[in-house]
Amino acid sequence: MTHASHSTHSSNDWYESGYDLARGLAAYTGSALVDGIARVIAKHPQANIANAFNHKQVQCKLWARDALLKSAGSVYGRIVVLGGWYGVLPAMLLEDPRFNIAAIDSFDIDPAVELVARTLNSGFGDRFRAVTADMYAIDYLSLNAELVVNTSCEHIADLGAWLRLVPSGTRVLLQSNDYFSEPSHINCVSSLDEFQAKAALARVDFAGALPMKKYTRFMLIGSV
Ligand SMILES: C[S@@+](CC[C@H](N)C(=O)[O-])C[C@H]1O[C@@H](n2cnc3c(N)ncnc32)[C@H](O)[C@@H]1O
């Protein structure tokens, strides 16, 4: 293919090709998550699902999934995810045969992501729920969560104030990063030590750093 013919591809062609490719990948892999991505491309063309499912995002969530399994086990009643965006991590957890998870609720303050998260997770039936809510305004006691997950700690103003809302003894998985240059990151940390100090968990089962090309991601698993 010449450069000239390459450049005649319109963005619409790419959109159609992306959809076809995702459907093919879903058929080939039998993955409910990949099928969900194809459905999102078709139903919510405005959603930036390619950003939420880029290889760096996936790598950070694979890291979370493996560390969770090792440090906290495989069986969960209700898991609650805060700042859950399009629901990629819930889909990755619900699809993973190593886990036995009854239900995952994903809360996000942005009303635009709720329907997208539902479409992405439509293969998991009523085991997945997406709700529009501010994580500072949720009654955590009534949720009865066995695990509270927040991989968006760099997006919230006061990590300590939010964690104090979570009933003491609850298991948590938290991620943040040192990607200060991204404008939507209002509360990055410079190191794992700083993250641990800010979170001040009552018990820490896992604390680690995952160096990426442009930044390092930090993760804590423990209890409040
Ligand atoms: C860009 S996304 C997630 C990035 C992160 N690296 C990840 O995938 O886990 C951050 C999300 O946090 C949400 N968010 C920010 N403040 C929130 C709040 N107070 N309550 C609930 N969700 C919030 C945003 O709407 C957004 O969807």
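Residues numbered from 1 in each chain as written. Predicted model: local features only at pLDDT ≥ 70, side-chain atom pairs only at ≥ 80, totals over all residues. Heavy atoms only, no water.

Turning our eyes to something else, we now look at the sheet that holds strand 1 (residues 75–82). The strand order across the open sheet built from seven strands is 3-2-1-4-5-7-6, with neighbouring strands paired in mixed fashion. Looking along the sheet, the strands with just one partner apiece sit at the ends: strand 3 (128–132) and strand 6 (203–211). Each strand of the sheet is rotated relative to its neighbour by a mean of 15 degrees, with strand direction disregarded. Contacts between helix 6 (residues 88–95) and the sheet are confined to strand 1, strand 2 (100–108), strand 3 and strand 4 (147–150), with strand 2 contributing the most and set at about 175 degrees to the helix. (Pairing = 2+ DSSP bridges. Helix = DSSP H or I, 4+ residues; strand = E, 2+ residues; numbered from the N terminus. Axes fitted to C-alpha atoms, helices over the stretch in contact; angles between N-to-C directions. Contact = heavy atoms within 4.5 Å.)

The ligand sits among 17 residues. The nearest are K61, D108, D134, M135 and T151. D134 is positioned such that a nitrogen or oxygen atom in its side chain is 2.9 Å from a nitrogen atom of the ligand. A distance of 3.4 Å separates a nitrogen atom of the ligand from a polar atom in the side chain of R217. A total of 600 Å² of accessible area belongs to the ligand in isolation, and the protein chains cover 85% of it. Of the residues assigned to the shell around the ligand, the class counts are six nonpolar, five polar and six charged. (Near = heavy atom within 4 Å. Polar contact = N/O pair within 3.5 Å; in protein donor to acceptor, adjacent residues only side chain to side chain. Areas by Shrake-Rupley, 256 points an atom, 1.4 Å probe, with all protein chains shown as cover. Nonpolar A, V, L, I, M, F, W, Y, C, P; charged D, E, K, R; others polar.)

Assigned domains of the protein chain: these are domain 1 (3–50) and domain 2 (52–223). A straight line from the C-alpha centre of domain 1 to that of domain 2 covers 26 Å. In this assembly, 14 residues from domain 1 lie in contact with 14 residues from domain 2. Between domain 1 and domain 2, roughly 1,200 Å² of surface is buried when both sides are summed, and carbon and sulfur atoms account for 67% of that area. At the boundary of domain 1 with domain 2, the tally comes to nine residue pairs in polar contact (both at pLDDT 80 or more). (Domains from an automatic or database assignment. Buried area = accessible area lost by both parts, 1.4 Å probe.)

A separate point is the pairing of strand 3. Remark: a regular strand shows side chains that alternate across the two faces of the sheet. Relative to strand 3, strand 2 runs parallel, the two being bridged by five bridges. If you follow S106 over to strand 3, its bridge partner there is A130. This β-α-β element, strand 2 to helix 7 (residues 114–120) to strand 3, shows right-handed connectivity. (Right-handed = clockwise from strand over helix to strand, strands pointing away.)

Further remarks concern the pattern of salt bridges. Under the counting rule described, the total for this entry stands at ten salt bridges. The salt bridge partner of R98 is D66, with a shortest N-O separation of 2.9 Å. Highlighted residues: R98 in the loop between helix 6 and strand 2 and D66 in helix 5 (residues 55–72), separated in sequence by 32 residues. With a closest N to O distance of 2.7 Å, D96 and R98 form a salt bridge. For R98, a relative accessible area of 40% gives the class partly exposed. One continuous salt-bridge network, built from bridges that share partners, spans R65, D66, D96 and R98. (Salt bridge = Lys/Arg side-chain N within 4 Å of Asp/Glu carboxyl O. Buried < 20%, exposed > 50% of the residue type's maximum accessible area, 1.4 Å probe, protein only.)

Taken over all residues, the pLDDT of the protein chain has a mean of 95, while the share at 70 or more is 96%. Residue range residues 1–5 is modelled with pLDDT below 50. Its contacts to residues more than four positions away, or to other chains, number two contacts. (pLDDT = per-residue confidence, 0-100.)

Helical periodicity: at 3.6 residues per turn, an α-helix aligns residues three or four positions apart in one direction. The end-to-end C-alpha distance of helix 3 (residues 32–43) is 16 Å, a good match for the 16 Å that twelve residues give at a rise of 1.5 Å each. By the burial criterion, the buried members of helix 3 are L33, V34, G36, I37, A38, V40 and I41. Each element contacted by the buried residues of helix 3 is listed here: helix 2 (11–29), helix 4 (49–52), helix 6 and helix 7. Two or three places before L33, at the opening of helix 3, S31 has a side-chain oxygen 3.2 Å from that residue's backbone nitrogen. (Expected span 1.5 Å × (residues − 1).)

Glancing now at the pairing of strand 2. Taking burial as the measure, the nine residues of strand 2 include seven buried ones, the bulk of the element. Bridging between strand 1 and strand 2 involves seven bridges; their strand directions are parallel. Bridge assignment links V75 to a residue of strand 2, and that residue is N100. Handedness of the crossover is the feature at issue here: the chain leaves strand 1, passes through helix 6, returns alongside strand 2, and the resulting connection is right-handed.

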